[in-house]
Amino acid sequence: YEGTVNEMTGDGIMALFGAPIALEDAPQRALRSALAIHREIANFNGNRKGIDPIKMRIGVHTGPVVLGTLGNNLRVEFKAVGDTVNLASRMEGLAEPGTTLLTEPANLSLPK
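These remarks concern the structure in this document.

The rules behind the values
Residues numbered from 1 in each chain as written. Predicted model: local features only at pLDDT ≥ 70, side-chain atom pairs only at ≥ 80, totals over all residues. Heavy atoms only, no water. Helix = DSSP H or I, 4+ residues; strand = E, 2+ residues; numbered from the N terminus. Contact = heavy atoms within 4.5 Å. Expected span 1.5 Å × (residues − 1). Buried < 20%, exposed > 50% of the residue type's maximum accessible area, 1.4 Å probe, protein only.

Details of unusual backbone geometry
Step number 1: Cis geometry marks the peptide bond from A19 to P20, where omega comes out at 5°.
Step number 2: Note on placement: P20 falls in the loop between β2 (12–16) and α1 (26–46).
Step number 3: Positive phi, normally seen in glycine, also occurs at E2, with a value near 65°.
Step number 4: Looking at the secondary structure, you find E2 in the segment before β1 (4–9).

Quick look at the structure:
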């Protein structure tokens, strides 16, 4: 869905949609990606008989972010920061395992 994995920390992943390359339908792509992740995890769990299922929590929030590189000549990282990133992280933390929690979907039409 043309998202960019921006950060991986422990068991967490942060993906950006519409950054660093603008996408007109970035919010819809993020939701399609979330649904696809849940679907693929369910398929994976179906093949693991007798083992506790894996359940992912996903948080989605849309809005402006500050993008840039941090670091020095030994190590440079591309980062997204701001309220949008923080709120998406909080939504992920509040989501029940196996679900996606999004902020008020004023401009989002849920994919089928």
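From this point on, the discussion continues.
Considering the environment of V5
Step number 1: As for its placement among the helices and strands, V5 is situated in strand β1.
Step number 2: Excluding its chain neighbours within four sequence positions, the residues that come into contact with V5 are I13, M14 and A15.

Things to note about α1
Quick reminder: α-helices carry 3.6 residues per turn. Residues three or four places apart thus point the same way.
Step number 1: In this model α1 runs 30 Å from its N-terminal to its C-terminal C-alpha over 21 residues, within 8% of the 30 Å that 1.5 Å per residue would give.
Step number 2: All buried positions along α1 are accounted for by A26, Q28, R29, A30, L31, S33, A34, A36, H38, I41 and N45.
Step number 3: Its buried side turned inward, α1 meets β3 (58–60) and β6 (100–102).

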